[in-house]
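# Coordinate inspection notes
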Amino acid sequence: MKTFKTLALAALLGLSAAPALAAPGAPAVAAQQAKGEFVTAHVNGLVCDFCAQSIQKVFKKEAAVKGVHVDLDSGEIHISMKPGQSMDDAAIEKLIRKSGYSLTSIEREAAE
């Protein structure tokens, strides 16, 4: 029993020391990737439900995308990425332009 307690304590100490050995900022990046990413694309030309449906159809085909919501009133596309997945700005802009709209800006944040 004493050996088991010693091994358990050693394992616990070893696990708690691992984050301290990682590069600064690495835990924050790992936590963000585990939760996924939330992207807001500001777009010109979104005016109707058909516009929203076409954008949703295009983005839902992407493997990294978890969900898409189009806000016609604000001209924004809200894209939820799957944990550990991402799309670069160029890929997002390409999909928006391919759909017939123009991108004005992109904002990114960690999903909650």
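Let me begin by describing the structure that accompanies this report. (Residues numbered from 1 in each chain as written. Predicted model: local features only at pLDDT ≥ 70, side-chain atom pairs only at ≥ 80, totals over all residues. Heavy atoms only, no water.)

### Structural notes on the pairing of strand β3 (residues 76-81)
Most of β3 is tucked away, with five of its six residues classed as buried. Sheet topology places strand β1 (residues 37-44) next to β3; five bridges connect them, and they run antiparallel. Bridge pairing links H42 to E76 in β3. If you look at the hairpin formed by strand β2 (residues 65-71) and β3, you'll find four residues sitting between the two strands, and G75 has a positive phi there, around 70 degrees. (Buried < 20%, exposed > 50% of the residue type's maximum accessible area, 1.4 Å probe, protein only. Helix = DSSP H or I, 4+ residues; strand = E, 2+ residues; numbered from the N terminus. Pairing = 2+ DSSP bridges.)

### Side note on the pattern of salt bridges
When the charged atoms of two side chains lie near each other, side chains of opposite charge can form a pair. Applying the stated criterion across every chain yields a total of three salt bridges. With a shortest N-O distance of 2.7 Å, D89 and R108 are connected by a salt bridge. Residue D89 is located in helix α4 (residues 89-98), and its partner R108 is located in strand β4 (residues 102-110); the two are separated by 19 residues in the primary sequence. Residue classification places D89 among the partly exposed positions, given a relative accessible area of 40%. The closest approach of N and O atoms between E93 and R97, which form a salt bridge, is 2.9 Å. With a gap of four residues between them, E93 and R97 both fall in helix α4, about one helical turn apart. Its relative accessible area of 27% is what places E93 among the partly exposed residues. (Salt bridge = Lys/Arg side-chain N within 4 Å of Asp/Glu carboxyl O.)

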